[in-house]
Every structure is written in C-alpha cells, then in structure tokens.
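Working through the structure, step by step
Spelled out from the first residue to the last, the chains are:
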Amino acid sequence: MSKKSYEDLMATLKTAPGVSEHLNKHSVIMGKKILKRRLQLGLTQKEVIEAIRSNNAKITQATLSKVECGDDNITSKTYDKIFNVLGGLEDIEPKFTRDPKKNEIVYH
C-alpha cells in the first residue's frame, strides 16, 4: 500500500459526489479559517473559550468545535465572538466562482 499525501487525498475526495460542494460552503470555509488562525496564535480551544468568557460572552467548547468543523447552524453572533478573540477581521470579501446564468467560471 502506497502512502498518499494530503493533496492526493483531497483530490480523490473532490471526485466523490457532493464533496466539492460541501468543501466550498461558507460554513466550511469559515471554519477552516478560524481553525488556521487559532493554530497560528498557538491557542487551544479551551483558551479561546476562556478569552470569550472573559469578554462577558458565552460559548461552549462544543460550539467552537462545530464552528471549526464547518457546521451549518452557527449564528453570526457566535462568529463575532470568536473573531473578536482571534484578533478581529479586516474584511470578508466574497469571491464568486461562476456565473449561474451562463454556468461559466468568473475570473477575479
């Protein structure tokens, strides 16, 4: 059995029906960005939760885990609490990949 890289695995997964659509969902993209930022800062989920609570806000570790996994049922208030303790946001700029009327790829 040969070793496969992460890239090989992702390429294989993207050929499965529905996987690309799932990976391109807003909640999944935001979850990846939040996880990446938390890891860049060297924070554990517990430390993020403690920081949120020190701002007199509430969130559970289970909720943070759901956010990082791309759960669909996360409120904008929850995202805001997390963004705040991870340093805030500069901006969120949507980039569209295709024209749904023409089914053509849109280039940025």
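Residues numbered from 1 in each chain as written. Predicted model: local features only at pLDDT ≥ 70, side-chain atom pairs only at ≥ 80, totals over all residues. Heavy atoms only, no water.

The volume enclosed by the largest pocket comes to roughly 720 Å³. If you trace the largest pocket, you find 25 residues lining it, with Ile29, Met30, Lys33, Ile92 and Glu93 closest to the centre. Counting residues per element, the lining of the largest pocket draws most heavily on helix 3 (residues 26-40), at 8 residues. (1 Å grid on protein atoms, 1.4 Å probe; cavity = no way out; pocket = protein on both sides within 12 Å on 5 of 7 lines; lining within 4 Å. Points joined across faces, edges and corners; volume = space filled by probe spheres on them. Helix = DSSP H or I, 4+ residues; strand = E, 2+ residues; numbered from the N terminus.)

Looking now at the side chain of Arg38. Following the sequence through the fold, Arg38 ends up in helix 3. Residue contacts for Arg38: discarding those within four places in its chain leaves Leu43, Thr44, Gln45, Val48, Glu68 and Leu86. (Contact = heavy atoms within 4.5 Å.)

A few words now on the pattern of salt bridges. For the structure shown, the criterion picks out 2 salt bridges. Glu68 is paired through a salt bridge with Arg38; the nearest N and O atoms lie 2.6 Å apart. With Glu68 in helix 5 (residues 61-68) and Arg38 in helix 3, this pair connects stretches of sequence that are 30 residues apart. Neither residue differs from the other here; Glu68 and Arg38 are each classed as buried. (Salt bridge = Lys/Arg side-chain N within 4 Å of Asp/Glu carboxyl O. Buried < 20%, exposed > 50% of the residue type's maximum accessible area, 1.4 Å probe, protein only.)

Fair warning: the whole summary comes from geometry, so function is off the table for now.
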